[in-house]
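Chain residues, written in single-letter form:
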Amino acid sequence: MKIGYPCINTSIGCTSNRTFRLKSYSEEKLRYKIRMNLKCLEETLIYNQQHNLLFFRMGSGIIPFASHPICKVDWADEFQKELESIGNFTKKYKFRISMHPDQFVVINSPDKSVVERSIAELEYHSKLMDTMKLDSTCKIQIHVGGKYGDIYSAMDRFMDRYSGLDEKIKKRLAIENDDRLFSLRDCLHISKRVKIPVIFDTLHHECNNNNEPIGKAMESAFKTWKRKDGIPMIDYSSQKKGARKGSHTESIDTKHFRDFLEKSRGLDFDLMLEIKDKEKSALKARKIMGSERSARV
DNA sequence: CCATGTCAAGGTCAC
DNA sequence: GTGACCTTGACATGG
């Protein structure tokens with residue numbers, strides 16, 4: 001099992017998500033930001049390797065405006081050397097890498113132009129990972145999308161659109177149960193028909209479920225992962241106290257986490273901690289797991 | 001230099 | 001039908 005956190009390291013003083021305003025777009029600026037982002041991505045991965053955090057979600061902003069029509073820079077070609085070198089680093093130390101495009105990627109939208117932009121964004125994500133020469137165990141996770149008043153036709157539309165995608169994208173895509181619209185059961189229904197792996201999100205499942213106990217829920221999600229997809233991925237978080245339902249906690253809730261470990265005993269997966277203080281909680285989690293393991297021996 | 005309003009993109013829900 | 005909210009940091013402007 002590998003442990004990780006998403007996108008940003010809060011200790012090393014750089015971010016690989018630097019961007020700028022569309023209004024001030026220039027190719028020089030774009031190249032500069034990409035260079036800075038890649039440099040920081042590398043630093044972040046070095047930190048992670050040294051701290052044994054070998055699961056990492058790359059931010060979507062590494063190449064700003066990559067899927068926007070304004071961008072004419074052939075970034076994959078210009079930065080091929082750097083991207084491949086970072087990819088090699090992740091392979092040398094056996095990292096697991098993922099990405100998670102944000103809310104604007106909605107492939108089941110009834111609006112054609114939304115779908116086109118979503119696909120362009122997915123093309124960017126898969127091209128980035130392809131240029132880094134990452135294999136198909138490195139996933140791009142998305143939500144099913146909107147419901148538009150009829151969840152069944154919304155799911156059908158997802159399956160249609162997914163089936164029509166380029167294999168380069170399809171081989172990396174995974175869907176995640178969300179906290180309001182598409183539950184684990186809905187994701188499994190889709191997965192059964194179009195063979196897409198399901199990433200189980202613990203907090204979303206707490207918010208939106210059909211009374212499946214978490215252990216059973218995890219097992220059923222894991223069955224959707226084939227050999228080429230690698231070990232199943234999990235998004236773990238817990239509810240922020242006193243905040244809106246679904247809000248991620250600031251820092252790991254150790255009692256909740258130990259309980260989760262207990263319920264997932266015997267299962268193998270890579271664990272993404274979606275917690276606000278990022279690597280700090282990931283390190284705590286790693287420590288807890290270490291002590292649990294020695295306690296069991 | 002610092003504070004504050006703003007940023008490519010969608011969708012849902014309350015009113 | 002409209003506006004707040006999700007979520008989020010960092011950009012960029014204006015004082």
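Predicted model only: the values in this text are computed from it and were never measured.

Draft legend 1. Geometry of the protein's contact with DNA strand B. The local shell around DNA strand B holds 17 residues, among which Arg21, Leu22, Arg117, Lys147 and Tyr148 are the closest. The sugar-phosphate share of atoms of DNA strand B within 4 Å of the protein amounts to 55%. Between Leu22 and DNA strand B, the recorded distance is 2.5 Å, taken from a backbone N or O atom to a phosphate oxygen. In the model, a phosphate oxygen of DNA strand B is placed 2.9 Å from a nitrogen or oxygen of the Arg117 side chain. Taken together, the residues of the surface near DNA strand B break down into 7 nonpolar, 5 polar and 5 charged.

Draft legend 2. Expanded view of the sheet that holds strand 3 (residues 96-99). Taken in spatial order, the 8 strands close into a barrel running 1-2-3-4-5-6-7-8, and their pairing is parallel. On average, each strand axis in the sheet is inclined to that of its neighbour by 30°, with strand direction left out of account. Relative to strand 6 (residues 198-201), strand 5 (residues 173-176) runs parallel, the two sharing 2 bridges. Along strand 6, the bridge assignment pairs Ile175 with Val198.

Draft legend 3. Structural view of the protein's contact with DNA strand C. Taken together, Thr15, Arg18, Thr19, Phe20, Arg21, Ser24, Lys33, Gln103, Arg244, Ser247 and Lys276 form the complete shell of residues around DNA strand C. Backbone atoms, meaning sugar plus phosphate, form 83% of the atoms of DNA strand C positioned within 4 Å of the protein. At 3.1 Å from a phosphate oxygen of DNA strand C is found a side-chain nitrogen or oxygen belonging to Arg18. Between DNA strand C and Arg21 there is a distance of 2.4 Å, counted from a base oxygen to a side-chain nitrogen or oxygen.

Draft legend 4. Just the pattern of salt bridges, in detail. Using the criterion set out here, one finds 14 salt bridges in the structure. When the shortest N-O distance is used, the salt bridge between Glu250 and Lys240 registers 3.2 Å. Of this pair, Glu250 sits in the loop between strand 7 (233-236) and helix 10 (254-263) while Lys240 sits in the loop between strand 7 and helix 10, placing them 10 residues apart in sequence. Judged by its relative accessible area of 41%, Glu250 falls in the partly exposed class. Where Asp259 meets Lys263, a salt bridge forms, and the shortest distance between an N and an O atom there is 3.0 Å. With a gap of 4 residues between them, Asp259 and Lys263 both fall in helix 10, about one helical turn apart. Taking relative accessible area as the criterion, Asp259 reaches 37% and is therefore assigned partly exposed. Its relative accessible area of 45% is what places Lys263 among the partly exposed residues. Connected through salt bridges with shared partners, the residues Glu27, Arg31 and Glu78 form a single ionic network.

Draft legend 5. Structural detail: the state of the cysteines. Evaluated as defined, the whole model comprises 1 disulfide. Across the disulfide, Cys14 is cross-linked to Cys40 (sulfur-sulfur distance 2.1 Å). When the S-S torsion is 80°, as for the bridge of Cys14 with Cys40, the disulfide is right-handed. Taken together, the residues span a long stretch of sequence, with Cys14 in the loop between strand 1 (3-6) and helix 1 (27-50) and Cys40 in helix 1 at a distance of 26 residues.

Draft legend 6. Main features of helix 7 (residues 184-194). Of all the residues in helix 7, the buried ones are Leu184, Asp186, Cys187, Ile190, Ser191 and Val194. What you see down the axis of helix 7 is that its buried residues fit within an arc of 160°, all on one side. In this structure, helix 7 carries Lys192 and Arg193 as exposed residues pointing more than 90 degrees from its buried face. Looking at the buried residues of helix 7, the elements they touch are helix 5 (151-163), strand 5, strand 6, helix 8 (202-207) and helix 9 (214-222). Lys195, located one to two residues past helix 7, shows a positive phi value of around 60°.

Draft legend 7. Layout of the packing of aromatic side chains. Under the definition given, this model contains 13 aromatic pairs. Taking 5.2 Å as the distance between ring centres and 65° as the angle between the ring planes, the aromatic pair formed by Phe20 and Phe65 counts as edge-to-face. Of the two residues, Phe20 sits in the loop between strand 1 and helix 1 while Phe65 sits in the loop between strand 2 (55-58) and helix 2 (75-78), which places them 45 residues apart along the sequence. Exposure class is identical for Phe20 and Phe65. Each is buried. Aromatic pair Trp75 and Tyr124: ring centres 5.7 Å apart, planes at 85°, arrangement edge-to-face. Taken as a pair, Trp75 in helix 2 and Tyr124 in helix 4 (residues 112-131) lie far apart in primary sequence, 49 residues in all. Judged by its relative accessible area of 4%, Tyr124 is buried. Sitting over the ring of Trp75, Lys127 keeps its end group 5.4 Å from the ring centre. Above the face of the Tyr162 ring, Lys170 is positioned so that its terminal group lies 5.7 Å from the ring centre.

Definitions and limits used
Residues numbered from 1 in each chain as written. Chains lettered and ligands numbered in written order. Predicted model: local features only at pLDDT ≥ 70, side-chain atom pairs only at ≥ 80, totals over all residues. Heavy atoms only, no water. Near = heavy atom within 4 Å. Polar contact = N/O pair within 3.5 Å; in protein donor to acceptor, adjacent residues only side chain to side chain. Nonpolar A, V, L, I, M, F, W, Y, C, P; charged D, E, K, R; others polar. Pairing = 2+ DSSP bridges. Helix = DSSP H or I, 4+ residues; strand = E, 2+ residues; numbered from the N terminus. Axes fitted to C-alpha atoms, helices over the stretch in contact; angles between N-to-C directions. Salt bridge = Lys/Arg side-chain N within 4 Å of Asp/Glu carboxyl O. Buried < 20%, exposed > 50% of the residue type's maximum accessible area, 1.4 Å probe, protein only. Disulfide = S-S within 2.5 Å. Arc of directions from axis to C-beta. Contact = heavy atoms within 4.5 Å. Phe/Tyr/Trp six-rings, centres within 6.5 Å; stacked < 30°, edge-to-face > 60°. Lys NZ or Arg CZ within 6 Å of the ring centre and 35° of its normal.

These values are about where atoms sit, not about what they do.
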